[in-house]
Structures are given as C-alpha cells and as structure tokens.
Amino acid sequence: MSFFKIICSVIIGVLFAIKLKSIGSPLWIYLSMALSLFVLFYILNRLGFILDFLDGILEDIGLESGYFQILIKIVGISYLCEFASNICKESGFIAAASQIEIGGKLTMLVMSMPILLAIIQTITSVF
C-alpha cells in the first residue's frame, strides 16, 4: 500500500473522528488511536528495509554496529514517546504527556552514555 493511500485513509478517518467528537460520542478517541497505530505499523514495516540496508553498509565498511544499534533505539524511543505523548494530549491528559516526554528524554540520555564514553575515550587517546 502506498503512502498516499495511507494518508487518504487517515484523513477520512480523522474526518469521521471529528464528526464523532462533535456529536459527543466517546468513540472518537479510540478511532484516533487506531489511526495512529495504523500509521505507526506501516512506518515500522518500512523501517525494517532501511535498517537492513544500513546494517549492510556498516558491515561492508567494517564499523562496529553496536553504536548504530544504540542510535536506532534512541530514535525509536523518541518516536514512541512522541506517539504516546500526542495521544495523551489529544485525550486531554497534558500532565501525563509531559511526564512521558521527560521520561523519554531521560531514557535517551541514559542509553547514549556508551557513545558519549567512546567519544571521550577517543578524544583523550589523541592527547
């Protein structure tokens, strides 16, 4: 399925969710979450191709893929936190959305420590 079809489907779903919201039905939030998950799974499916390609390039170059995997995990955490935060904001839970964002940032900071240590070791080995 092309991304154009995905976008058209989401726009139709959003218009339907707006109609449900205007008549006071609580089903609009479930439809909104379903649309978001639909797009997320489409993107994750496409992301597999990109990761395989980049991993192949790293193997050809001979670089260690451990740091690359950490970076990919950090990007994934970023997307998931943004996804969850937006759902919370849409539902009216602003405080929960802020906590998700803070937790995601702290998690990304902790996960990036091995890369930071490798950079520091490289700098200190030069001097």
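Residues numbered from 1 in each chain as written. Predicted model: local features only at pLDDT ≥ 70, side-chain atom pairs only at ≥ 80, totals over all residues. Heavy atoms only, no water.

S.K.: Residues and numbers for the overall build of the chain, please.
M.R.: Scanning the chain for helices and strands turns up five helices and zero strands. Sequence-ordered secondary structure for the chain, helices as α and strands as β, is α-α-α-α-α. Taking 14 Å as the expected radius of gyration for a compact globule of 127 residues, we find that the chain reaches 20 Å, considerably beyond that expectation. Projecting the C-alpha coordinates of the chain onto the three principal axes gives extents of approximately 70 × 35 × 15 Å. Expressed as a percentage of contacts within the chain between residues at least 6 apart in sequence, the contacts between residues at least 24 apart total 58%. For the chain, the accessible area works out to roughly 9300 Å², and carbon and sulfur atoms hold 73% of it. Averaged over its 7 positive side-chain charges, the chain has a centre that lies 18 Å from the centre of its 8 negative ones. (Helix = DSSP H or I, 4+ residues; strand = E, 2+ residues; numbered from the N terminus. Rg over C-alpha atoms; globule rule 2.2 N^0.38 Å. Contact = heavy atoms within 4.5 Å. Areas by Shrake-Rupley, 256 points an atom, 1.4 Å probe, with all protein chains shown as cover. Lys, Arg positive; Asp, Glu negative; His and termini not counted. Charge placed at Lys NZ, Arg CZ, Asp CG, Glu CD.)

S.K.: Let's hear about helix α3 (residues 66-91): which residues, and what values?
M.R.: Between its first and last C-alpha, α3 extends 38 Å over 26 residues, near the 38 Å set by a 1.5 Å rise per residue. Along its buried surface, α3 packs onto α2 (27-61), α4 (94-111) and α5 (113-126). The first or second residue beyond α3 is Gly-92, which carries a positive phi of 95 degrees. (Expected span 1.5 Å × (residues − 1).)

S.K.: How would you summarise a nonpolar patch on the surface if you had to cite specific residues and measurements?
M.R.: A surface patch of nonpolar side chains, amounting to about 620 Å² of accessible area, comprises Phe-3, Ile-7, Ile-11, Val-14, Leu-15, Ile-18 and Ile-43. Sorting elements by how many residues they give to the nonpolar patch places helix α1 (residues 3-22) first, with six residues. As for its position among the elements, Ile-18 is in helix α1. Overall, the relative accessible area of 51% leaves Ile-18 in the exposed class. (Patch = residues over 30% accessible without salt bridge, like charges linked within 9 Å, V, L, I, M, F, W, Y side chains within 5 Å. Salt bridge = Lys/Arg side-chain N within 4 Å of Asp/Glu carboxyl O. Buried < 20%, exposed > 50% of the residue type's maximum accessible area, 1.4 Å probe, protein only.)

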